[in-house]
There are 2 protein chains.
Amino acid sequence: MATPRTRLDPEARRAQLVGLGLEMLSTRPLDKVAIDEIAAVAGISRGLLFHYFPTKRDFHVAVARAASQDLLERTDVGHGLPLLDRLRASVEAFVDHVATNRDAYVAFIRGSSGGDPELLDVYESTRTAFTDRVLDSLGLVDVPPPLLRAAVRGWVALTEEVTVDWLSRGGLDRGEVVDLIDDALVALIAVAGAEDLATGG
Amino acid sequence: MATPRTRLDPEARRAQLVGLGLEMLSTRPLDKVAIDEIAAVAGISRGLLFHYFPTKRDFHVAVARAASQDLLERTDVGHGLPLLDRLRASVEAFVDHVATNRDAYVAFIRGSSGGDPELLDVYESTRTAFTDRVLDSLGLVDVPPPLLRAAVRGWVALTEEVTVDWLSRGGLDRGEVVDLIDDALVALIAVAGAEDLATGG
């Protein structure tokens, strides 16, 4: 599976290595992404890999950031659709992406960040980005009412838990999971006293 | 602060040591609960402590289990009250206990289990116990409809996130946080198609 050695400029090489790590996340959790294997597939020495990422942890943080970016991009869909349709499209993309990369997300969401502050920060920033995206689509990202912000933040946690729990336990079909998450947001926006926003968009 | 050496039978000694660890959780996260300090306060040698708990990790797992048990007991309130009042009393107890033991819970919920499978298991079991308690109060713990179980499980994650986010960010008062969590459960039960249960209790 090793590709022939080719000269890449440093930025392209970094991107290639992170991309290989990201691919590996589809079949295993982050802490099982092995440096040796990445170096072999990239056709470079372990030493050269450490030139780009001084420690295994640096590499894992870079891969986690890329995974977060990837998840945020894949769920940034449905622009131009009415608010509720766009929301549903985004929830579908989230559930499908997490289902496809199951081992990595289950481990990540279940806390295999290993208490590492930088990995925790990637996780927190991802939750914040999802929260802001919902508030933005409600036209309220700049000065969100604190109750609505808290409700949306709680919904992001609910979304992760319902998805990961479903992947480990089953019992529902994909449509039921998407409906539950989707309907939960509309209900929680109403609980936060902002129901006009969700139904008026 | 050291107490005089006293002879305790093994079970009482274990309980004493775990109790001291639990007390320490009110001011620091679990991974900062130091073995040396526990031994000093208990008036025993570090060696004797390791006789009861062969590794630091064994001790931390025992303290985490005790913390989970403690949280479950403290929130098991309001028996005899109507369903919604009992729920509210339990949510209040949860928010207050987490607020009092802030550092420990923020770290725990934010993933400082360090990827340790036994600590993750304590965390998962706690979430499951909260989920089952709600289903039990709805009279459905034996054969919960899968959609309702998923909704309640999601609500447990929402409850943790809203509480921990509030403790780190502020912006709401305690009553607003309790109302939000409380109203969220009623709304989510309705989303799961079981609204008769919540209002009929």
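Residues numbered from 1 in each chain as written. Chains lettered and ligands numbered in written order. Predicted model: local features only at pLDDT ≥ 70, side-chain atom pairs only at ≥ 80, totals over all residues. Heavy atoms only, no water.

## Here's the deal with the overall build of chain A
Here is step 1: Of the regular secondary structure elements, chain A holds ten helices and zero strands.
Here is step 2: For chain A, the sequential pattern of α-helices and β-strands runs α-α-α-α-α-α-α-α-α-α.
Here is step 3: Each principal axis of the C-alpha atoms in chain A carries an extent, and together these give about 60 × 40 × 35 Å.
Here is step 4: Looking at chain A as a whole, 51% of its 201 residues qualify as buried.
Here is step 5: Long-range contacts, defined here as pairs at least 24 residues apart, represent 68% of the contacts in chain A between residues at least 6 apart. (Helix = DSSP H or I, 4+ residues; strand = E, 2+ residues; numbered from the N terminus. Buried < 20%, exposed > 50% of the residue type's maximum accessible area, 1.4 Å probe, protein only. Contact = heavy atoms within 4.5 Å.)

## Focus: the packing of helix α5 (residues 83-100) of chain B against helix α9 (residues 174-191) of chain B
Residues and elements named next belong to chain B.
Here is step 1: The interhelical angle for the contact between α5 and α9, taken along N-to-C directions, is 130 degrees, at an axis separation of 10 Å. Taken as axis vectors, α5 and α9 run oblique relative to one another. The handedness of the crossing between α5 and α9 comes out as right-handed. The segment α5 lies against α9, with Leu84, Leu87, Arg88, Val91, Glu92, Val95 and Asp96 engaging Arg174, Gly175, Val177, Val178, Asp179, Ile181, Asp182, Leu185 and Val186.
Here is step 2: Here the residues of the contact of α5 with α9 are counted per class, giving nine nonpolar, one polar and six charged. (Axes fitted to C-alpha atoms, helices over the stretch in contact; angles between N-to-C directions. Parallel < 35°, antiparallel > 145°, perpendicular 65-115°, else oblique. Left-handed = near helix turned anticlockwise from the far one by under 90°. Nonpolar A, V, L, I, M, F, W, Y, C, P; charged D, E, K, R; others polar.)

## Remarks on the interface of chain A and chain B
Here is step 1: Across the contact, 32 residues belong to chain A and 32 residues belong to chain B.
Here is step 2: Regarding the contact of chain A and chain B, the summed buried area is about 2,600 Å², with carbon and sulfur atoms giving 67% of it.
Here is step 3: The interface formed by chain A and chain B contains eight salt bridges.
Here is step 4: Of the charged contacts in the structure, one is a salt bridge between B:Asp165 and A:Arg153, with a shortest N-O distance of 3.7 Å. (Buried area = accessible area lost by both parts, 1.4 Å probe. Salt bridge = Lys/Arg side-chain N within 4 Å of Asp/Glu carboxyl O.)

## So, the side chain of B:Arg133
Residue and element names in this part refer to chain B.
Here is step 1: Mapped onto the elements of the fold, Arg133 is located in helix α7 (residues 117-137).
Here is step 2: An unpaired buried charge is present at Arg133: no salt bridge exists, and Asp76, the closest side chain of opposite charge, is 4.0 Å distant.
Here is step 3: Here the side chain of Arg133 touches Leu72 through a polar contact of 2.6 Å, landing on its backbone oxygen.
Here is step 4: In this view, Arg133 contacts Leu72, Thr75, Asp76 and Ser90; residues no more than four positions away in its chain are not counted. (Lys, Arg positive; Asp, Glu negative; His and termini not counted. Polar contact = N/O pair within 3.5 Å; in protein donor to acceptor, adjacent residues only side chain to side chain.)

## Details of helix α4 (residues 56-74) of chain B
Here is step 1: For α4(B), with 19 residues, the first-to-last C-alpha span of 27 Å sits near the 27 Å given by 1.5 Å per residue.
Here is step 2: Restricting attention to buried positions, one finds in α4(B) the residues B:Phe59, B:His60, B:Val61, B:Ala62, B:Val63, B:Ala64, B:Ala66, B:Ala67, B:Ser68, B:Asp70, B:Leu71 and B:Leu72. (Expected span 1.5 Å × (residues − 1).)

## Comments concerning the relation of the copies chain A and chain B
Here is step 1: For the pair chain A and chain B, the best superposition has an RMSD of 0.0 Å and corresponds to a rotation of 180 degrees with a translation of 0.0 Å parallel to the axis. When the rotation and shift are considered jointly, the pair of chain copies conforms to a two-fold rotation axis.
Here is step 2: The share of interface residues of chain A whose copies in chain B are also at the interface is 100%, consistent with both copies meeting through the same surface. (Least-squares fit on C-alpha atoms with pLDDT ≥ 70 in both.)

## Some details on the pattern of salt bridges
Here is step 1: Using the criterion set out here, one finds 30 salt bridges over all chains in the structure.
Here is step 2: One salt bridge in this structure joins A:Arg65 and A:Glu118, with 3.3 Å as the shortest N-O distance. With A:Arg65 in helix α4 (residues 56-74) and A:Glu118 in helix α7 (residues 117-137), this residue pair connects regions lying 53 residues apart in the sequence.
Here is step 3: Here A:Arg65 falls in the partly exposed class, since its relative accessible area comes to 45%.
Here is step 4: According to the relative accessible area criterion, A:Glu118 is partly exposed, its value standing at 31%.
Here is step 5: Several salt bridges converge on common partners, so that one network encompasses A:Glu124, A:Arg127, A:Arg149, A:Arg153, A:Glu160, B:Glu161, B:Asp165 and B:Arg169.

## A look at the domain arrangement of chain A
Residues and elements named next belong to chain A.
Here is step 1: What the domain assignment reports for chain A is domain 1 (10-61) and domain 2 (75-200).
Here is step 2: Centre-to-centre separation of domain 1 and domain 2, based on C-alpha positions: 29 Å.
Here is step 3: Facing nine residues of domain 1, the contacting portion of domain 2 comprises eight residues.
Here is step 4: Together, the buried faces of domain 1 and domain 2 total about 780 Å²; carbon and sulfur atoms form 56% of this surface.
Here is step 5: Remark: the boundary between domain 1 and domain 2 carries one salt bridge. (Domains from an automatic or database assignment.)

## A closer look at the side chain of A:Ser68
Here is step 1: In this structure, A:Ser68 sits in helix α4.
Here is step 2: Dropping the residues within four chain positions of it, A:Ser68 is found in contact with A:Val122 and A:Thr126.

## Details of the packing of helix α1 (residues 10-24) of chain A against helix α2 (residues 35-42) of chain A
The axes of two packed helices give the description: the angle between them and the distance between them.
Residues and elements named next belong to chain A.
Here is step 1: Two elements in contact, α1 and α2, have axes whose closest approach is 10 Å; the angle formed by their N-to-C orientations is 120 degrees. Taken as axis vectors, α1 and α2 run oblique relative to one another. Viewed along their axes, α1 and α2 form a crossing whose handedness is right-handed. Contact residues: Arg13, Gln16, Leu17, Leu20, Gly21 and Met24 in α1; Glu37, Ile38, Val41 and Ala42 in α2.
Here is step 2: Its residues placed into classes, the contact of α1 with α2 shows six nonpolar, two polar and two charged.

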